[in-house]
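Read off the chains here:
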Amino acid sequence: QVQLVESGGGLVQAGGSLRLSCAASGRTFSGYVMGWFRQAPGKEREFVARIVWSGGSTSYADSVKGRFTISRDNAKNTVYLQMNSLKPEDTAVYYCAVRRTFTQTYEYWGQGTQVTVSS
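Residues numbered from 1 in each chain as written. Predicted model: local features only at pLDDT ≥ 70, side-chain atom pairs only at ≥ 80, totals over all residues. Heavy atoms only, no water.

(A) Molecular detail of the sheet that holds strand β1 (residues 3-7). The strand order across the open sheet formed by 4 strands is β1-β3-β8-β7, and the pairing between neighbours is antiparallel. Where the open sheet ends on each side, the last strands, each with one partner, are β1 and β7 (68-73). Here the strands of the sheet are splayed against their neighbours by 15° on average, with no regard to which way each runs. Inspection of the sheet shows strand β3 (residues 18-25) paired to strand β8 (residues 78-83) by 6 bridges, in the antiparallel sense. By the bridge assignment, Leu20 is partnered in β8 with Leu81. (Pairing = 2+ DSSP bridges. Helix = DSSP H or I, 4+ residues; strand = E, 2+ residues; numbered from the N terminus. Axes fitted to C-alpha atoms, helices over the stretch in contact; angles between N-to-C directions.)

(B) Expanded view of the environment of Cys22. Among the secondary structure elements, Cys22 is positioned in strand β3. Other than its neighbours up to four places away in sequence, Cys22 contacts Leu4, Val5, Glu6, Trp36, Asn77, Thr78, Val79 and Cys96. (Contact = heavy atoms within 4.5 Å.)

(C) Representation of the pattern of salt bridges. Across all of its chains, the model carries 5 salt bridges by this definition. In this structure, Asp62 engages Lys65 in a salt bridge whose closest nitrogen and oxygen atoms are separated by 3.1 Å. Close ionic contact of Arg100 with Glu107 constitutes a salt bridge, the shortest N to O distance being 3.2 Å. Residues joined by salt bridges that share partners form a network here, namely Arg38, Glu46, Arg67 and Asp90. (Salt bridge = Lys/Arg side-chain N within 4 Å of Asp/Glu carboxyl O.)

(D) Spotlight on the environment of Asn84. Relative to the elements of secondary structure, Asn84 occurs in the loop between β8 and β9 (92-100). Asn84 sits in the partly exposed class, given a relative accessible area of 30%. Sequence-wise, Asn84 and Tyr95 are 11 residues apart; in three dimensions their C-alpha atoms are separated by 18 Å. If near-sequence neighbours (up to four positions away) are discounted, Asn84 is found in contact with Gly16, Ser17, Arg67 and Phe68. (Buried < 20%, exposed > 50% of the residue type's maximum accessible area, 1.4 Å probe, protein only.)

(E) Quick look at the packing of aromatic side chains. Counted under the stated rule, the structure contains 6 aromatic pairs. Ring plane angle 55° and centroid distance 5.9 Å describe the contact between Phe29 and Trp53, whose orientation is recorded as tilted. Pair noted here: Phe29 is in the loop between β3 and β4 (32-39) and Trp53 is in the loop between β5 (46-52) and β6 (58-60), with a separation of 24 residues, a long-range link. A relative accessible area of 1% places Phe29 in the buried class. Take Trp53: its relative accessible area is 6%, and that puts it in the buried class. Relative to Tyr106, the ring of Phe37 lies with its centre 4.9 Å away and its plane at 80°, an arrangement referred to as edge-to-face. With Phe37 in strand β4 and Tyr106 in the loop between β9 and β10 (108-109), this residue pair connects regions lying 69 residues apart in the sequence. There is no split in this pair, since Phe37 and Tyr106 are both buried. Feature note: the residues Phe37, Phe47, Tyr106 and Trp109 constitute an aromatic cluster, connected by ring pairs. (Phe/Tyr/Trp six-rings, centres within 6.5 Å; stacked < 30°, edge-to-face > 60°.)

The structure is reproduced here in structure tokens:
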């Protein structure tokens, strides 16, 4: 059974930084894509970033490009989201998720971690 556990959320002032972690377990993840999503109150969940586990290819939403960096540690089966220059509009619950590389549907989701950016 795949399990994803996020951590690292919190309260930060605008312009500050946070690093989110997503610890993955239950299988090997070669052939999978790890993604970060977020959902703000009253809004739909939106894509933030993703990384291909094998090879490390990355992709970002335009709203976070240049400020957020997704990375992974194969030995620790952990994916990170380094968030810099945070803005109040980045406030949301952040979720990590995993899908197979040949599909677009994310199969497994973590429980989420709250990020709050104060102005």
